[in-house]
Amino acid sequence: MYLGIDLGGTNIAIGLVDEKGNIIVQDSTPTLGTRTADEIIDDMIALAEKIVADANLSKSDIKAIGIGCPGAVDNQKGTIVFTENVPFSNFPIFDKFKKHFDAPVYLENDANAAAYGEYVVNGEGKNIFVAVTLGTGIGGGIIIDGKIFKGSNGVGAEIGHTPLVLGGVRCSCGQKGCWEAYASVTALINQTKIAIGEHPESLMNTLFKERKVVNGRTAFDAAKQGDKVALEVVNKYIEYIAGGLVGIVNIFQPDKVVIGGGISKEGAYLIDPIIDYVRKYDYNQFFEPVKIEPATLYNDAGIIGAAFAAKNFL
Ligand SMILES: [Zn+2]
């Protein structure tokens, strides 16, 4: 058995994962990121201990513990170097766990962990596998020959910050025109709000007034009911996603790309036009087209990926 831990800005999710990648027991607790790092990790360890007890196991049954967290980690030193939404700065997380568990701990960036989880479940036998998560930003991970590709310095595969439009929309990273600034769900929400402002007669405005919120579903729901303005928003958004993907496909020519995040629940309505666009514009016109599919694990990807990274890389 392995423990997979997904430390997020909102929640800490932990699962007990078996050799085959099944989650046996899982639970979560709010991160409450304004607390100190020590308080957050104490809660994390307490929840991990509770999960082991809930499964009627003892700590000696745990072979390894994997932790995915946002930002940069250092497995040599056993520290979380920095994170954006939670207050970690060179935090010695291995030392904290050693006081409670004998099992070794492995640290991974959360987007890489989630990508590895998708790979474990959906990418077996694939030499080059890419996972893209469309959410608040764009997370991604690239698995090459079973290893997580991290670049020369550990912070590679930041696919969300590849430039799509030079000098374009301001991105969360401080630069302008990143893929994330056009194709994340945050970007879609902004695009939807602008369209509602310009076309108050659109069904999107009606949905906004009914639901009191503009979210990633607003434009999709209105487009499916035939609203022309919403259809334009959705088509443009899909083009932004696919335009960024063409670059990734041309560099890596992956065996498979999975697209995750809540938006991937739109299924074929989202994925099919992306496939068509990538097939039309990618460099590979002579070989088998790249497989692009919705991710399947949703929130469990981070838990399974962290657990299996610990299982396979320690
Ligand atoms: Zn950026």
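Relevant structure appears above.
Below: a short report on this structure.

### Looking at the overall build of the chain
Point 1. Secondary structure assignment for the chain yields ten helices and 13 strands.
Point 2. For a compact globule of 314 residues, the expected C-alpha radius of gyration is about 20 Å, and the chain comes in at 20 Å, within 12% of that figure.
Point 3. By residue count, 51% of the 314 residues in the chain fall in the buried class.
Point 4. In the chain, once contacts between residues fewer than 6 apart in sequence are set aside, the share between residues at least 24 apart is 62%.
Point 5. Of the accessible surface of the chain, which amounts to about 14800 Å², a share of 51% is contributed by carbon and sulfur atoms.
Point 6. In the chain, which carries 28 positive and 37 negative side-chain charges, the distance between the mean positions of the two groups comes to 2 Å.

### Some remarks on the sheet that holds strand β5 (residues 72-74)
Point 1. Reading across from one edge, β5-β6-β7 is the order of the three strands in this open sheet, with antiparallel pairing throughout. Single-partner strands in this sheet number two, and they are β5 and β7 (89-91). Taking each pair of neighbouring strands and ignoring which way they run, the sheet shows an average axis angle of 20°.
Point 2. With two bridges joining them, strand β6 (residues 79-82) and β7 adopt antiparallel strand pairing. Residue Ile80 lies in a different strand from β7, and its bridge partner there is Phe91.

### What about the sheet that holds strand β9 (residues 128-134)?
Point 1. Taken in spatial order, the five strands line up as β11-β10-β9-β12-β13 in an open sheet, and their pairing is mixed. On the outer flanks of this sheet lie β11 (147-148) and β13 (291-294), each paired with one strand and no other.
Point 2. Bridge count for β9 against strand β12 (residues 256-260) is five bridges, and the pairing is parallel. Across the sheet, the residue bridging to Val132 is Ile259, located in β12.
Point 3. The strands touched by helix α8 (residues 228-252) within the sheet are β9, β10 (138-144), β12 and β13, with β9 carrying the most contacts at an inclination of about 155°.

### Let's talk about the coordination of the zinc ion
Point 1. Looking at the metal site, the zinc ion is ligated by His161 (ND1), Cys171 (SG), Cys173 (SG) and Cys178 (SG), spaced 2.0 to 2.3 Å from it.
Point 2. Note that the zinc ion binds four donor atoms; their angles at the metal cover 104 to 122°, and the shape is tetrahedral.
Point 3. As a motif over one chain, the donors of the zinc ion read H-x9-C-x1-C-x4-C.
Point 4. Exposure remark for Cys173: the relative accessible area of 38% places this residue in the partly exposed category.

### Considering the layout of surface pockets
Point 1. Of the voids in this model, the second largest pocket is the one considered here, and its volume is about 410 Å³.
Point 2. As for the second largest pocket, its lining consists of 23 residues, of which Ala187, Asn190, Gln191, Ile194 and Tyr240 are closest to the centre.
Point 3. Put simply, the parts of the chain that give the lining of the second largest pocket at least two residues each are α4 (180-183), α5 (185-198) and α8.
Point 4. It is α5 that provides the largest number of residues to the lining of the second largest pocket, a total of seven residues.
Point 5. A breakdown of the residues in the lining of the second largest pocket according to their chemical character gives eleven nonpolar, seven polar and five charged.

### What about the packing of aromatic side chains?
Point 1. With the rule as written, the count across this model stands at eleven aromatic pairs.
Point 2. Ring centres 6.0 Å apart and planes at 50° place the aromatic pair Tyr106 and Phe313 in the tilted group. In this pair, Tyr106 is assigned in strand β8 (residues 105-109) and Phe313 in helix α10 (residues 300-313), connecting sequence segments 207 residues apart.
Point 3. A relative accessible area of 24% places Phe313 in the partly exposed class.
Point 4. Taken together, the ring pairs in this structure connect Tyr106, Tyr116, Tyr119, Phe129 and Phe313 into an aromatic cluster.

Rules and cut-offs
Residues numbered from 1 in each chain as written. Predicted model: local features only at pLDDT ≥ 70, side-chain atom pairs only at ≥ 80, totals over all residues. Heavy atoms only, no water. Helix = DSSP H or I, 4+ residues; strand = E, 2+ residues; numbered from the N terminus. Rg over C-alpha atoms; globule rule 2.2 N^0.38 Å. Buried < 20%, exposed > 50% of the residue type's maximum accessible area, 1.4 Å probe, protein only. Contact = heavy atoms within 4.5 Å. Areas by Shrake-Rupley, 256 points an atom, 1.4 Å probe, with all protein chains shown as cover. Lys, Arg positive; Asp, Glu negative; His and termini not counted. Charge placed at Lys NZ, Arg CZ, Asp CG, Glu CD. Pairing = 2+ DSSP bridges. Axes fitted to C-alpha atoms, helices over the stretch in contact; angles between N-to-C directions. Donors = N, O, S within 2.8 Å, 3.2 Å for Na, K, Ca; no water. Tetrahedral: all angles 85-135°; square planar, octahedral: opposite > 155°, others 65-115°. 1 Å grid on protein atoms, 1.4 Å probe; cavity = no way out; pocket = protein on both sides within 12 Å on 5 of 7 lines; lining within 4 Å. Points joined across faces, edges and corners; volume = space filled by probe spheres on them. Nonpolar A, V, L, I, M, F, W, Y, C, P; charged D, E, K, R; others polar. Phe/Tyr/Trp six-rings, centres within 6.5 Å; stacked < 30°, edge-to-face > 60°.

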